[in-house]
Amino acid sequence: MLWNYITQIDAATACYNIYETSYTNATTDLINSYAWDTAIVYIQSFSGDTDYSYQDGQSIKSSLANTGTNNDEKCKINDMSSNIMEWTTEYSTNTVSSYAYPCTRRGGSYIYNNFYADSRYGNDATFSPKNATFRSILYIK
């Protein structure tokens, strides 16, 4: 199932509900910027791909694909640079005109050739573009 055209609010809700009743010792959330950046450092350190954070998505894949099918798996982590931008918990201070964009999407995108694994893009929490999805993070209590 593809989870694009999703707002940050709906992505956060989907993450919260993953383990809502199944496990009492685990909780989930949208990935945070620290975990995102740590994953990039991990990939660059252990895959031998020291330029991973600067690979653009469009050069790897020119259309939306299911997770793991676009040859962007590094260290068992899929699609950080090449498929679709992902909502995070990171707060954005980016403002355009009178509109504030408090939420941040991270990663590369098949749509744009200048979005990389380490890219950040601010949007309103209710925005649901075709190149927005999410990545959850698991916390063990």
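Structural notes, computed from the coordinates.

Looking at the overall build of the protein
Each helix and strand in the protein was counted, giving 3 helices and 10 strands. Listing every helix and strand of the protein by position from the N terminus yields α-β-α-α-β-β-β-β-β-β-β-β-β. Taking the intrachain contacts of the protein between residues at least 6 apart in sequence as the baseline, contacts between residues at least 24 apart amount to 64%. Here the protein displays about 7,900 Å² of accessible surface, and carbon together with sulfur accounts for 49% of that area.

Some remarks on the nonpolar core
Formed by Ile31, Ala35, Trp36, Ala39, Ile40, Ile43, Tyr52, Ile77, Met80, Ala117 and Ile137, the largest nonpolar core amounts to 11 residues. Excluding residues within four positions of it along the chain, Met80 makes contact with Trp36, Ala39, Ile40, Ile43, Tyr52, Asp72, Gly107, Gly108, Ala117 and Arg135. Grouped together as the second largest cluster of nonpolar side chains are 10 residues, Ala12, Cys103, Ala125 and Ala132 included.

With respect to helix α2 (residues 33–46)
Its 14 residues place the ends of α2 20 Å apart at the C-alpha level, agreeing with the 20 Å of an ideal helix rising 1.5 Å per residue. Looking at α2, one finds that the buried residues are Ala35, Trp36, Ala39, Ile40, Ile43 and Gln44. Contact partners of the buried residues in α2: β2 (73–74), β3 (77–78), β4 (85–91), β7 (103–106) and β10 (136–140). Between the side-chain oxygen at the start of α2 and the backbone nitrogen of Tyr34 there is a gap of 3.1 Å, and the oxygen is on Asn32.

A look at the environment of Leu64
Relative to the assigned elements, Leu64 resides in the loop between α3 (57–60) and β2. The sequence separation of Leu64 and Ile111 amounts to 47 residues, and the corresponding C-alpha distance is 8.4 Å.

Parameters and conventions
Here the residue numbering is sequential within each chain, running from 1 through the sequence in written order. Restriction of local features to residues with pLDDT of at least 70 applies here, the model being predicted, together with a cutoff of 80 or more for giving and counting side-chain atom pairs; totals for whole chains, interfaces and linings are based on all residues. With hydrogens and water stripped out, all remaining heavy atoms of the structure feed into the side-chain values. By the criteria applied, helices consist of DSSP H or I runs no shorter than four residues and strands consist of E runs no shorter than two, each listed in order from the N terminus. Between two residues, a contact is recorded if the distance between any of their heavy atoms is within 4.5 Å. With residues, only the protein chains shown are counted as cover, and all accessible areas are computed by Shrake-Rupley using a 1.4 Å probe. Take the buried residues of types Ala, Val, Leu, Ile, Met, Phe, Trp, Tyr and Cys, join any two whose side-chain atoms come within 4.5 Å, and each joined set is a nonpolar core. Accessibility here uses a 1.4 Å probe with only protein chains present; expressed as a share of the type maximum, an area under 20% marks a residue as buried, one over 50% as exposed, and anything in between as partly exposed. Multiplying one less than the number of residues by 1.5 Å gives the expected span of a helix. Under the rule applied, a polar contact is a pair of N or O atoms within 3.5 Å (in protein, one hydrogen donor and one hydrogen acceptor; residues adjacent in sequence only if both atoms are side-chain atoms).

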